[in-house]
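A closer look at the structure
What follows is each chain in one-letter form.
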Amino acid sequence: IPTQFLSGYQSFVEECKKRNYSEQGTYSRTNRIKNFLLYLDDQGIQSFNDLSANILSAYVCTFVNLCSKSVKAILTAQRVFLRHLYLNGYTKDNFSDKLPKLKSYYEPGIPKTWTASNVKTVLESIDRGNPTGKRDYAILLIITRLGLRASDIKLIKLEHLRWDTNTIEIVQSKTGRSIILPILKDIGWALIDYLKNGRPITSAPYVFVRHNAPFEAFAPNSAMNRILVNYIRKAGIKIPRDVPLGLHSLRHTLASTLLAQDTPLPVISEILGHMNVKSTDIYLHIDYKRLQECALNPEEVFHDVH
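Section: the pattern of salt bridges
Taken as a whole, this structure holds 7 salt bridges when the rule is applied. A salt bridge links Asp136 to Arg135, with the shortest nitrogen-to-oxygen separation between them at 2.9 Å. Residue class for Asp136 comes out buried when judged on its relative accessible area of 3%. Looking at Arg135, the relative accessible area reads 8%, which means it is buried. One salt-bridge network, held together by shared partners, links Arg162, Asp164 and Glu169.

Okay, structure coming up:
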């Protein structure tokens, strides 16, 4: 961070901590703010009070050609930061009002899912005879069967495993909501195998830890997607190019599987930890069997036209 902006930046980070914002969200937001501060430094700005609408406009021009979702995220981070600077006396004017408003619409992309056989092949490719394999198998099984986010997998503590009720009880990092999920039989045995025979001796309270010394919890921003990519290569399966290789794609696959089994949308929403059923509605777009049932016969529709 350029030294002339360091105090204001650190003040903002402390404010995020006081408000209990998620580490992942704060990390993404502060990265966007860092880019903004580096731009200001490159333009010779020596103080927050040297800001102007023209400078803000010039900065917006540097990223305006990105996708609308990225533009909105950058503007939001910039607006929140500028408002913080004003409220805490770093600027005389509230420059957050000078930023353009972006009209956006809720247009989530169509989820891309795996086939059940590919998921099974990847799980079977894991060498469960070594500690790391035991850990990775348990992680992928939990995501595949319960749909937990990778960020929540990292935060599962030993105390969250309620063996008396066979449940996992956690507070989701993204939504802040409590969720209770069942420890299914295969998940339970995978966890027991890892805890007894794979997990290194460590004082870390988290279930899943790094297997390279020091044996600590995964860093909040560590990329767990590499675990899945590694086993995709080992399994030798070919995933279509348009299907993501990240752990999130396994959540999409679970949702589509549940939908095919006639699971109600509110139930799927609860399992995936969505704040709103609207986030789950998108999976209706890939329920091809039921979509075909809705299709109309053009000959019947236009029979009376002539």
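Some thoughts on the side chain of His84
Along the chain, His84 turns up in helix 4 (residues 68-87). Within the local environment of His84, its side chain forms a polar contact with the backbone nitrogen of Phe12, the two atoms lying 3.3 Å apart. Discounting chain neighbours no more than four positions away, the residues touching His84 are Gly8, Ser11, Phe12 and Glu15.

Some remarks on the pairing of strand 3 (residues 178-182)
Because side chains alternate across strand 3, one face comprises the buried residues Ile179 and Leu181, and the other comprises Ser178, Ile180 and Pro182, none of which is buried. By the bridge criterion, 5 bridges tie strand 2 (residues 167-171) to strand 3 in an arrangement that is antiparallel. Looking at the pairing, Glu169 lines up with Ile180 of strand 3. Where strand 2 folds back on strand 3, the antiparallel hairpin that results is connected by 6 residues, among which Gly176 adopts a positive phi of roughly 75°.

Description of unusual backbone geometry
When glycine is set aside, most residues are seen to have a negative phi, and most peptide bonds are trans. With omega at 0°, the peptide bond leading from Ala213 into Pro214 counts as cis. Mapped onto the elements of the fold, Pro214 is located in the loop between helix 8 (185-197) and helix 9 (225-235). Despite not being glycine, Asn20 shows a phi value in the positive range, around 60°. By the secondary structure assignment, Asn20 is in the loop between helix 1 (6-18) and helix 2 (23-42). A residue is classified by how much of its surface remains accessible, and Asn20, at 67% relative accessible area, is exposed.

The rules behind the values
- Residues numbered from 1 in each chain as written.
- Predicted model: local features only at pLDDT ≥ 70, side-chain atom pairs only at ≥ 80, totals over all residues.
- Heavy atoms only, no water.
- Salt bridge = Lys/Arg side-chain N within 4 Å of Asp/Glu carboxyl O.
- Buried < 20%, exposed > 50% of the residue type's maximum accessible area, 1.4 Å probe, protein only.
- Helix = DSSP H or I, 4+ residues; strand = E, 2+ residues; numbered from the N terminus.
- Polar contact = N/O pair within 3.5 Å; in protein donor to acceptor, adjacent residues only side chain to side chain.
- Contact = heavy atoms within 4.5 Å.
- Pairing = 2+ DSSP bridges.

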